[in-house]
Amino acid sequence: MEKSKIIRGTSKCARFFVCDTTELVKEAKKVHGLDPIAATVFGKLLTVTAMMGKDLKNEKDLISVRINGDGPYGNMIATGNMKGEVKGYIGNPEEKFHQIIDENGNFIKDETGQIRFIGNGTMQVIKDLGLRDPFSGVTKINEEDIADIVAHYFLLSEQIKSVVALGVKLDENGEVKRAGGYLIQLLPGVEDGFIDKLENKLQQIRTITELLEGGMSLEQIVELLYEDISAFEKETDVDGAHKKIYVEDFEILEESDLEYKCNCTRDKFYKGLITLGKDEINKILEEEGKIETECHFCRKKYEFTKKDFT
């Protein structure tokens, strides 16, 4: 089975993460039974969380990105770690679907021409680094696209200028065809010129999903991002192709796998049930004969009976 991949690296002015999350997003869509809109929005959140997770320093560190919007697709959370394991949950859009669909079945647009899938609200980033209190940053949602929301968060909450690109492409049947993204962040004390050049280039190159679908490897996408397309070198390489000129030299530090993976266990749910207290547990068992729990992240069910609590 193919696996999703990520590479991370650095250059004089920036650090970068580039990933192909196609298989990861496919698995998430399958686990949660997502409709095409949910697969797109949630897939982007999982992708950026995977990249943010790879920036953690220790194996036990966790990062969670929570979107709290008032739109039908505005309730989601994704959690990642440095091992490339990502999981998440998106709320049921049906109860708020009337906000974006009119009586004729057409999408409703706001005064700016946008469909408010996520809506107004906040994005919260929680980093559990093993300290007494987790780090938490919150920013207001001003955009509909996850990439813009995350870039805005980095700028306001962490004072890091970033370029974020995320994409999920579906086929005619609503199945995930390609998914991926990149995150490039300016290093401290560096002038904004590098990011400004990069932002200008993004208007001229294809989207991340188109690049992946065209057969480009993650390494080739990094080369494209760092290539100085305003310069042209007449000299050719050994194959006769024109030599590429880069804005600055870069180094790929690591290539690793990503996967949609939940770490729930029967024991974790059992410990959670114990907190209800003996009386409440007995009451449920008398009424239902059993207690059935379900993990929000992977939909796995765990069943408990009276003998489990004796």
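These numbers were taken from a predicted model, which means no experiment stands behind them.

A. Seen up close, the overall build of the protein. Helix and strand content of the protein: eight helices and 12 strands. Over its C-alpha atoms, taken along the principal directions, the protein stretches across nearly 80 × 50 × 40 Å. Split into buried and exposed, the 310 residues of the protein put 42% on the buried side. A sequence separation of at least 24 residues applies to 60% of the contacts in the protein between residues at least 6 apart. Counting every atom, the protein has about 16,900 Å² of accessible surface; 47% of that belongs to carbon and sulfur.

B. Looking closely at the pairing of strand 4 (residues 75-80). Most of strand 4 is tucked away, with five of its six residues classed as buried. Strand direction decides the pairing type here: strand 3 (residues 62-69) and strand 4, joined by six bridges, are antiparallel. Bridge pairing in strand 4 links Arg66 to Ile77. Following strand 3, the chain reverses through five residues before pairing antiparallel with strand 4. By the bridge criterion, five bridges tie strand 4 to strand 5 (residues 85-90) in an arrangement that is antiparallel.

C. Looking closely at the nonpolar core. With 50 residues, the main nonpolar core has Val48, Ile67, Met76 and Ile146 as its most contacted residues. Ranked by residue count, the leading element in this core is helix 2 (residues 36-53), at 11 residues. The residues contacting Val48, other than those within four sequence positions of it, are Ile146, Val150, Val164 and Leu166. Ranked by size, the runner-up nonpolar core spans 23 residues in total, among them Cys13, Ala14, Ile208 and Ile221.

D. Expanded view of the sheet that holds strand 9 (residues 176-186). On the basis of which strands lie adjacent, the open sheet formed by 10 strands has the order 7-6-3-4-5-10-1-2-9-8 and mixed pairing. Edge positions in the open sheet fall to strand 7 (135-141) and strand 8 (162-170), since each of these has one partner strand only. Ignoring strand direction, the axes of neighbouring strands in this sheet form an average angle of 15°. Two strands pair when backbone bridges link them, and strand 6 (residues 121-128) and strand 7 are joined in this way by seven bridges, in the antiparallel orientation. Looking at the pairing, Thr122 lines up with Lys140 of strand 7. Strands strand 1 (4-11), strand 2 (14-20), strand 5, strand 8, strand 9 and strand 10 (250-260) of the sheet are contacted by helix 1 (residues 22-32), whose axis makes an angle of about 120° with strand 9.

E. Examining the pairing of strand 2 more closely. Here strand 2 lies mainly inside the structure; six of its seven residues are buried. As defined by bridge partners, strand 1 adjoins strand 2 across six bridges and the pair is classed as antiparallel. What sits directly across from Arg8, in strand 2, is Phe17. Between the antiparallel neighbours strand 1 and strand 2 lie two residues. As paired elements, strand 2 and strand 9 share seven bridges and run antiparallel to each other. Of the residues in strand 9, the one forming a bridge with Val18 is Tyr182.

F. Main features of a negative patch on the surface. Residues Asp279, Glu280, Glu286, Glu287 and Glu288 make up a contiguous surface patch of negative charge. Mapped onto the elements, Glu280 comes out in helix 8 (residues 278-288).

G. Seen up close, helix 1. The set of residues buried in helix 1 consists of Thr22, Glu23, Leu24, Val25, Ala28, Lys29 and His32. Taken from the residues just after helix 1, Gly33 is the one with a positive phi, measuring 60°.

H. How the structure looks around the environment of Leu276. In this structure, Leu276 sits in the loop between helix 7 (266-274) and helix 8. For the pair Leu276 and Lys307, spaced 31 residues apart in sequence, the C-alpha to C-alpha distance is 17 Å. Discounting chain neighbours no more than four positions away, the residues touching Leu276 are Ile281 and Ile284.

I. Examining the pattern of salt bridges more closely. Summed over the entire model, instances satisfying the criterion amount to 20 salt bridges. Note that Lys5 is salt-bridged to Asp257, the shortest N-O span being 2.5 Å. Taken together, the residues Lys5 in strand 1 and Asp257 in strand 10 connect sequence positions 252 residues apart. A salt bridge links Glu158 to Lys127, with the shortest nitrogen-to-oxygen separation between them at 3.4 Å. With Glu158 in the loop between helix 3 (146-157) and strand 8 and Lys127 in strand 6, the pair connects residues that are 31 residues apart, well separated along the chain. One salt-bridge network, held together by shared partners, links Arg8, Lys54 and Glu254.

J. Representation of the environment of Val247 in the model. Relative to the helices and strands, Val247 resides in the loop between helix 6 (218-226) and strand 10. Beyond its immediate chain neighbours, meaning those up to four positions away, Val247 contacts Phe194, Lys197, Tyr226, Glu227 and Asp228.

K. The arrangement of the domain arrangement of the protein in detail. Under the domain assignment used here, the protein contains domain 1 (5-231 + 242-260) and domain 2 (266-308). Between the C-alpha centres of domain 1 and domain 2 the distance comes to 36 Å. Counting from both sides, the interface comprises seven residues of domain 1 and, opposite them, four residues of domain 2. At the boundary of domain 1 with domain 2, total buried surface from both sides reaches about 540 Å², with 63% on carbon and sulfur atoms. For the pair domain 1 and domain 2, the interface holds zero salt bridges. Connecting domain 1 to domain 2 are two residue pairs in polar contact (both at pLDDT 80 or more). Of all elements in the fold, only helix 1 and strand 5 reach the threshold of two or more residues within the side of domain 1 that touches domain 2.

Quick notes on the rules
- Residues numbered from 1 in each chain as written.
- Predicted model: local features only at pLDDT ≥ 70, side-chain atom pairs only at ≥ 80, totals over all residues.
- Heavy atoms only, no water.
- Helix = DSSP H or I, 4+ residues; strand = E, 2+ residues; numbered from the N terminus.
- Buried < 20%, exposed > 50% of the residue type's maximum accessible area, 1.4 Å probe, protein only.
- Contact = heavy atoms within 4.5 Å.
- Areas by Shrake-Rupley, 256 points an atom, 1.4 Å probe, with all protein chains shown as cover.
- Pairing = 2+ DSSP bridges.
- Core = buried A, V, L, I, M, F, W, Y, C linked by side-chain atoms within 4.5 Å.
- Axes fitted to C-alpha atoms, helices over the stretch in contact; angles between N-to-C directions.
- Patch = residues over 30% accessible without salt bridge, like charges linked within 9 Å, V, L, I, M, F, W, Y side chains within 5 Å.
- Salt bridge = Lys/Arg side-chain N within 4 Å of Asp/Glu carboxyl O.
- Lys, Arg positive; Asp, Glu negative; His and termini not counted.
- Charge placed at Lys NZ, Arg CZ, Asp CG, Glu CD.
- Domains from an automatic or database assignment.
- Buried area = accessible area lost by both parts, 1.4 Å probe.
- Polar contact = N/O pair within 3.5 Å; in protein donor to acceptor, adjacent residues only side chain to side chain.

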